[in-house]
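Overview (structure and organization)
Chain by chain, the residues:
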Amino acid sequence: MPLVTGHWDTALTALSVMVSIFTLLVALRVLENGRGAAMPSAHRRWLAVAALVFGGGVWAKYVVGLLAFSPAAPVRYAVAPTAGAFILSVVVAGGGFAMLGMARGFGLRLGAAALVAIGILAALRLDMAAIHLEPALAVDMGQFGYAAVVAVAIAAALAWLTARPQPMSVLVLGSVAVGAGVCCTHWLGMKAVGLQGPLMFRDDSEAMPSGMIAPDVLATLVAVFVPTLLAIVFVSAAIDRRRAISLREANEVLEARVRQRTRELERNAAALVLARDEAQRAVKIRDQL
């Protein structure tokens, strides 16, 4: 298979890695928030947000990673495969991720994990199909098979992370590991179509024509917009979770007061019954006299 040489922009590559890790951490926290939601509507809403965050994060990493590579030959990117990759990332991979948050049986969790792996691979394949070079790129299925193995490992790790509530330290370490795995699938996908090159800082000396946007600028906009949006989601999830905890604590206090008042009423009722019985006995004794 012919190779297309080029170089990876160091800054954008690092940015894509950070996007992958941060979006996964936010998705895990949102999923945890959805589990603790008291109302069914809030539960479904947060699961949908978790699917969007996870799938959107995978797609954003792939887009930024794709734009981080500068081939020696002229390259164009098709819109339809990129849009399709977003849909597959959110609906299939994100849907499987959301299912992991509510599935309890082994079979359901296995099916959800399979959806995650399939969604990641399908989005990766469409992301590679968006690259238009001359001559057209061919896919090395052996290299793509390695990406499939990593995707399965990602799904297994997520199945473990979402099986029960985890402390923040575990979520951070898990996000780093799984985020690195997503980056690895993208690198293997790029290698599968013959795109290889070293890490280098981009040369910005070449001016862009009027009305055009440089790939590094576009990638930076995507990489900044997505984490900013997810940061808002993260804060909203934290506030919603804090409100749910406060509401639950207030309900527990109210229930405790109701139980205490009920016990007092029961004691008072018992005392009244005893006093009535004593009065009735006194009346009987007086009548007998």
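Here, the structure is the one placed above.
The present account deals with the structure reproduced in this document. Predicted model only: the values in this text are computed from it and were never measured.

Quick word on the overall build of the protein
Along the backbone of the protein there are seven helices and six strands. For the protein, the succession of helices and strands along the chain, N to C, is β-α-α-β-β-α-α-β-α-α-β-β-α. Counting only residues that meet the buried cut, the protein has 41% of its 289 residues in that class. Contacts in the protein between residues far apart in sequence, at least 24 positions, make up 86% of those at least 6 positions apart.

A closer look at the packing of aromatic side chains
Under the definition given, this model contains three aromatic pairs. Between Trp8 and Phe69, the ring centres sit 5.1 Å apart and the planes meet at 65°, which makes this aromatic pair edge-to-face. Taken together, the residues span a long stretch of sequence, with Trp8 in strand β1 (residues 4–9) and Phe69 in strand β2 (residues 69–71) at a distance of 61 residues. By relative accessible area, which is 7% here, Trp8 ends up buried. Ring geometry for Phe54 and Phe97: centres 4.7 Å apart, planes at 5°, overall stacked.

Considerations on helix α5 (residues 141–161)
The end-to-end C-alpha distance of α5 is 30 Å, a good match for the 30 Å that 21 residues give at a rise of 1.5 Å each. Among the residues of α5, those classed as buried are Gln143, Phe144, Ala147, Val150, Ala151, Ile154, Ala155, Leu158, Ala159 and Leu161. Against the buried residues of α5 lie α1 (10–35), α2 (40–68), α3 (79–100), α4 (106–129) and α6 (168–192).

Thoughts on the packing of α2 against α4
Here α2 crosses α4 at 30°, and the two axes come no closer than 11 Å. Viewed along their axes, α2 and α4 adopt a mutual orientation that is roughly parallel. Taken as a pair, α2 and α4 cross one another with a handedness that is right-handed. Contacts between α2 and α4 involve Phe54, Tyr62, Val63 and Leu66 from the former and Val116, Ile120, Ala123, Leu124, Asp127 and Met128 from the latter.

Comments concerning the nonpolar core
Phe54, Phe97, Val116, Ile120, Leu158 and Met190 are the most contacted members of the largest nonpolar core, which has 53 residues in total. Of all elements in the fold, only α1, α2, α3, α4, α5 and α6 reach the threshold of two or more residues within this core. Ranked by the residues each element gives to this core, the list is headed by α2, at ten residues.

Thoughts on the packing of α2 against α3
Put simply, α2 and α3 touch, their axes get as near as 7 Å, and they point 135° apart. With respect to α3, the element α2 is oriented oblique. Seen from above, α2 lies across α3 with right-handed handedness. Where α2 approaches α3, its residues Leu47, Ala50, Ala51, Leu52, Phe54, Gly55, Gly56, Val58, Trp59 and Val63 are matched on the opposing element by Thr82, Ala85, Phe86, Ser89, Val90, Ala93, Gly94, Gly95, Phe97 and Ala98. Each residue belonging to the contact of α2 with α3 can be placed in one class, and the counts come to 14 nonpolar, six polar and no charged.

Cut-off values and rules
- Residues numbered from 1 in each chain as written.
- Predicted model: local features only at pLDDT ≥ 70, side-chain atom pairs only at ≥ 80, totals over all residues.
- Heavy atoms only, no water.
- Helix = DSSP H or I, 4+ residues; strand = E, 2+ residues; numbered from the N terminus.
- Buried < 20%, exposed > 50% of the residue type's maximum accessible area, 1.4 Å probe, protein only.
- Contact = heavy atoms within 4.5 Å.
- Phe/Tyr/Trp six-rings, centres within 6.5 Å; stacked < 30°, edge-to-face > 60°.
- Expected span 1.5 Å × (residues − 1).
- Axes fitted to C-alpha atoms, helices over the stretch in contact; angles between N-to-C directions.
- Parallel < 35°, antiparallel > 145°, perpendicular 65-115°, else oblique.
- Left-handed = near helix turned anticlockwise from the far one by under 90°.
- Core = buried A, V, L, I, M, F, W, Y, C linked by side-chain atoms within 4.5 Å.
- Nonpolar A, V, L, I, M, F, W, Y, C, P; charged D, E, K, R; others polar.

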